[in-house]
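# Structure assessment
The chain contents come next:
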Amino acid sequence: MTETTQTQTTPPGGGAKPHAPEYRLAMDALRGLRQDLFHDAFAYRPLPRMSVDGPVTRRLTGRMREYAAWTPHVVVSAAGLIAMLVAWGNGDRGAMAGLYSVLALVPVLLTLARPVGAFWLALAATAVSAVGGAQSDAWPWRPGSVISYMAVLIVVAIRTRPRTAAWMWMITLAYGFFEESFFGHAHVGTDTPPMLIFSALILLAITVWHIRRAAAKEVTAHQTETANERSRRTLLEERTTIARELHDVVAHHMSVVAIQAEAAPYRVENPPPELEKAFVTIRENAVAALTELRRVLGVVRAEDYEAPDAPQPTLADLDALLANVRDAGLTVEKVTTGAVRELPQGVELSAYRIVQEALSNALRHALGATARVEIGYVLGGLGLRIVNGPPPQVMLEKSTHGAGHGITGMGERVSMLGGQMTAAATDDGGYEVTVFLPAAPAEDPA
């Protein structure tokens with residue numbers, strides 16, 4: 001006889017049925033109401049000072065700029081004083097006039113420190129003021145209460161989220177409906193409908209302002225992120241281009257080393273075995289280094305990249321480059337100072353590319369201008385100065401030719417070689433690029 005034990009699993013939530021979507025929506029709304037208007041309603045939230053970097057305030061100097069930062073506080077205080085004066089002059093006398101004036105002033109001033117609590121106080125002050133109003137008065141919002149309540153709504157809506165503005169308007173609607181239902185028969189007129197319409201328009205405008213400001217911040221954040229990504233991508237593209245070119249340069253030298261090491265034993269009659277073995281080791285190391293170099297740097301090559309058939313350009317090829325630039329419409333001259341000597345191929349290549357990019361920028365942004373290329377062979381390195389004058393006519397539209405990588409690429413080449421570079425506009429509206437590349441003279445291969 002076999003005994004079977006059955007285990008019953010209790011469904012999550014104790015077997016309770018899931019709530020209807022309407023119920024969940026209502027509960028979410030109540031939680032939002034509690035969070036916005038009840039949770040820490042009287043928490044201390046001081047009104048921050050205004051930023052003074054706007055188009056008007058940034059022109060102020062000294063103490064005037066410091067005073068301008070307190071403009072929101074002055075405006076709120078002025079609204080409270082206006083509400084107090086209106087409540088004082090509403091026709092009440094004695095202690096009642098003073099009470100209604102205080103009830104109109106205090107909620108407005110409280111928005112400077114405790115905005116949500118100021119709303120509840122303004123609602124209570126409105127109810128207290130409505131009790132003492134005469135039948136002929138505007139009711140349930142007396143004139144002073146209208147100004148005070150609207151000022152509080154505006155300040156609180158600006159300082160909080162749009163959802164809070166919606167909750168405040170709904171509570172205002174509920175208050176107006178309650179007063180009309182239970183006490184409306186004792187009063188001739190009512191100002192609830194215009195108050196609701198006017199407050200709805202004001203709060204709607206503030207909500208739209210909140211949404212536009214949030215959208216503007218989001219767009220600015222996306223633009224900043226996009227600009228940073230574009231800058232990083234530009235940097236990587238330039239480094240990739242430089243790596244490709246240097247790969248070709250280094251690969252050429254390593255190939256020469258391997259070939260010379262292989263041919264060296266045949267240039268000496270009866271070389272000793274130790275020398276032959278040393279040359280074999282040199283060749284093997286050169287081939288291995290060349291293989292590893294191609295394997296590592298091969299990842300930076302695009303799929304459609306093909307190694308150039310001709311050698312990488314050097315400063316000796318500048319004359320052909322300048323001729324092409326002149327044909328394109330840029331008047332350019334070359335000045336060489338110092339003793340011309342052969343430099344390491346990496347330095348020659350970088351110098352050529354820097355001059356090429358600087359002249360390309362001049363063609364894009366100052367077509368028809370004059371340019372000057374100065375090459376200085378100095379002790380310990382090479383100096384370059386490429387300067388162009390202003391364009392003969394103002395270019396109304398910025399050129400869209402090129403990827404905008406010029407300055408970045410030049411800077412990367414100079415940084416790679418441990419040099420220095422400055423690039424800035426000149427006083428006459430042109431542009432100047434100055435570069436120094438440290439380099440020792442190239443040694444001729446044996």
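Now for a look at the structure at hand. Quantities reported herein were computed from a predicted structural model and do not represent experimental measurements.

## Thoughts on the overall build of the chain
Counting secondary structure elements, the chain contains twelve helices and five strands. Burial analysis of the chain (446 residues in total) assigns 33% to the buried set. The long-range share in the chain, meaning contacts at least 24 apart out of those at least 6 apart in sequence, stands at 73%. For the chain, the exposed surface amounts to about 27,500 Å²; the carbon and sulfur share of it is 61%.

## A look at the side chain of Thr164
You can see Thr164 is positioned in helix 7 (residues 162-183). A relative accessible area of 2% places Thr164 in the buried class. Beyond its immediate chain neighbours, meaning those up to four positions away, Thr164 contacts Asp36 and Leu37.

## So, the pattern of salt bridges
Under the definition given, this model contains nine salt bridges. Taking the shortest distance from any N to any O, the salt bridge between Arg385 and Glu374 comes out at 3.0 Å. One end of the pair, Arg385, is in strand 3 (residues 381-388); the other, Glu374, is in strand 2 (residues 370-378), with eleven residues separating them in the sequence. The class for Glu374 is partly exposed, based on a relative accessible area of 23%. The partner of Arg385 in a salt bridge is Glu432, and the shortest N-O contact between them spans 2.9 Å. Here the residue Arg385 occupies a position in strand 3, and Glu432 occupies one in strand 5 (residues 431-438), the gap between them amounting to 47 residues. The class of Arg385 is partly exposed, set by a relative accessible area of 26%. Salt bridges here are not isolated pairs; linked through shared partners, they connect Glu333, Arg372, Glu374, Arg385 and Glu432.

## Some points on the packing of aromatic side chains
This structure, assessed with the given rule, holds seven aromatic pairs. With a centroid separation of 5.4 Å and 75° between ring planes, the pair formed by Trp141 and Tyr175 is classed as edge-to-face. Taken together, the residues Trp141 in the loop between helix 5 (115-131) and helix 6 (143-159) and Tyr175 in helix 7 connect sequence positions 34 residues apart. Accessibility assignment for this pair places Trp141 and Tyr175 in one class, buried. Residues Phe178 and Phe183 carry aromatic rings whose centres are separated by 6.1 Å and whose planes lie at 70° to one another, so their mutual orientation is edge-to-face.

Cut-offs used in this document
- Residues numbered from 1 in each chain as written.
- Predicted model: local features only at pLDDT ≥ 70, side-chain atom pairs only at ≥ 80, totals over all residues.
- Heavy atoms only, no water.
- Helix = DSSP H or I, 4+ residues; strand = E, 2+ residues; numbered from the N terminus.
- Buried < 20%, exposed > 50% of the residue type's maximum accessible area, 1.4 Å probe, protein only.
- Contact = heavy atoms within 4.5 Å.
- Areas by Shrake-Rupley, 256 points an atom, 1.4 Å probe, with all protein chains shown as cover.
- Salt bridge = Lys/Arg side-chain N within 4 Å of Asp/Glu carboxyl O.
- Phe/Tyr/Trp six-rings, centres within 6.5 Å; stacked < 30°, edge-to-face > 60°.

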